[in-house]
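Below, each chain spelled out in residue letters.
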Amino acid sequence: MKGKPFLPQKDKKIFVLDTSVILYDHNAIKNFEEHDIVIPIQVLEELDHFKKGNDTRNFEAREFIRFIDDISRNNLINDWIPLNGSGKGKFKVSINENGIEGNENAIHVFEDEKNDHKILNAALSLKKHHPDKKVILVTKDTCLRLKAKAMNIWAEDYETGKIQDVQKLYTGKTVMDDVSPQVISELFEKGSISPMQLGLEKAEDNHYFILNISDHPVLGYCNPKTKMIERIDRQTVYGVMPRNPEQVFAVHALLNPDIRLVTMQGVAGTGKTLIAIASALEQRRRYRQIYITCPIVPLSNRDIGYLPGDIKSKLDPYMQPYWDNLNFIKDLHSNDEKSSKRIDDMLEHEKIAITPLAYIRGRSLSKVFFIVDEAQNLTPHEVKTIISRAGDDTKIVFMGDIHQIDTPYLDAQSNGLSYLIDRIQSNPLFAHVTLEKGERSELANLANAYL
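Everything numeric in this text was worked out from a predicted model, so none of it was measured.

Draft legend 1. Representation of the side chain of R284. Within the element layout of this structure, R284 appears in the loop between α9 (272-282) and β13 (289-293). Buried within the structure, R284 lacks any salt-bridge partner; E282 is the closest side chain of opposite charge, at an N-O distance of 5.5 Å. Filtering out sequence-adjacent residues up to four positions away, R284 remains in contact with Y238, R342, M346 and K351.

If you want it as structure tokens, here you go:
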């Protein structure tokens, strides 16, 4: 869609946007350059059901509704309205499905009048009435894309915010074998070496290195200030000792005051949550508050209102892993009553807050150690919103497993954690660590490896 500012009419396309696209990015309508955009009336109906609530998708729905209301202030939206901006196309809401009959009618084919099939009919109607233009349905619903193709409609995923190849996602580290003993000796004597001594022209800021010499790894990272590779030592945080090089890197990134944004990607049992919480406790004097949070994704995508009990009872199952980690850390200090009681005092005075992500909307994030778990269930826009609200002296940690996504319409390529890792690498304020080795138990490792 780039590189053709003035396309002939026959080359312009009509993109039909599904509800899933709007809930993913309310600005999606602005990202199709010179092409025309159609919103089926059923999409507005579905957005009306999403407009109330504190979830990000509720925010996306409200923002899109406001945008449509604004651009249609002096226009009827069932006719083409020019979108603001140079080279932009036109927009309208489709309210009819004229001339769609028999096997060309999705409702007839699928024998169901649900909105998805009405949206397909809107695309079919546009295709019939605009034979000079290519009509494309854009949806993050894989099944709807397949149905569209079965009905001879071009269908695409919404690509904005989607990385191209998750297999090439930045890992944050480089493993180098058979490093010269002289280079290692200099690293120990001087504390740093240049990237060129490792055969590298340069190293990315805050990039980590495992330098193997005779099967004994030496760890280092690229200091963004000096551009030199400095040695890293294993460091215990609030009683928690890193068990592998990646955990050492994670602790280093979490404790480094110059690194304000940290991402950790890894499967369950690699120690992400434990190390993040322990590192936050280690730096408790540096921050006004420690927030531990995650997006709530109810089972079967049903709202937590379906669960019995008051709000605390509804949310406790989602927050239990963080209580478990805090209790584990307290157990490490069972012989030190002062350290163990300190955690209880911090909880009592809300120095530590464990709460769902939706419940911190609007709160100040100034001088806060902010841990966001299960970040793979966030959209890129949600991640951007969280980071943009960071105040002075705040540190934000996003962590999760990009291959374990519970949110509909997100995948390993389009989720907010992957997007963040891909876009922010090499920034001096940012560090990323990929944790691969499970440390929970041999049984947990077995599950991750074979099941």
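Draft legend 2. Fine view of the packing of aromatic side chains. Under the criterion given, the structure shown has seven aromatic pairs. Ring centres of F32 and Y158 lie 6.2 Å apart, and the angle between their planes is 40 degrees; this geometry places the pair in the tilted category. Here F32 is found in the loop between α1 (19-24) and β2 (36-40), whereas its partner Y158 is found in the loop between β6 (154-156) and β7 (173-176), with 126 residues between them in sequence. Residue class for F32 comes out buried when judged on its relative accessible area of 5%. Every member of this aromatic cluster is reached through a ring pair, and the members are F15, Y24, F32 and Y158.

Draft legend 3. How the structure looks around the sheet that holds strand β17 (residues 430-435). The strand order across the open sheet built from six strands is β14-β13-β15-β16-β12-β17, with neighbouring strands paired in parallel fashion. Single-partner strands in this sheet number two, and they are β14 (352-354) and β17. Put simply, the sheet's adjacent strands are angled 15 degrees from each other on average, direction ignored. Two elements, β13 and β14, share three bridges in a ladder whose sense is parallel. When the sheet's bridge partners are listed, I290 is paired in β14 with I352. The strands touched by helix α12 (residues 380-388) are β12 (261-266), β15 (368-372) and β16 (395-400); relative to β16, the strand with the most contacts, the crossing angle is about 155 degrees. With respect to the sheet, helix α13 (residues 416-424) is in contact with β12, β16 and β17, its orientation differing from that of β12 by roughly 125 degrees.

Rules used throughout
- Residues numbered from 1 in each chain as written.
- Predicted model: local features only at pLDDT ≥ 70, side-chain atom pairs only at ≥ 80, totals over all residues.
- Heavy atoms only, no water.
- Helix = DSSP H or I, 4+ residues; strand = E, 2+ residues; numbered from the N terminus.
- Buried < 20%, exposed > 50% of the residue type's maximum accessible area, 1.4 Å probe, protein only.
- Lys, Arg positive; Asp, Glu negative; His and termini not counted.
- Salt bridge = Lys/Arg side-chain N within 4 Å of Asp/Glu carboxyl O.
- Contact = heavy atoms within 4.5 Å.
- Phe/Tyr/Trp six-rings, centres within 6.5 Å; stacked < 30°, edge-to-face > 60°.
- Pairing = 2+ DSSP bridges.
- Axes fitted to C-alpha atoms, helices over the stretch in contact; angles between N-to-C directions.

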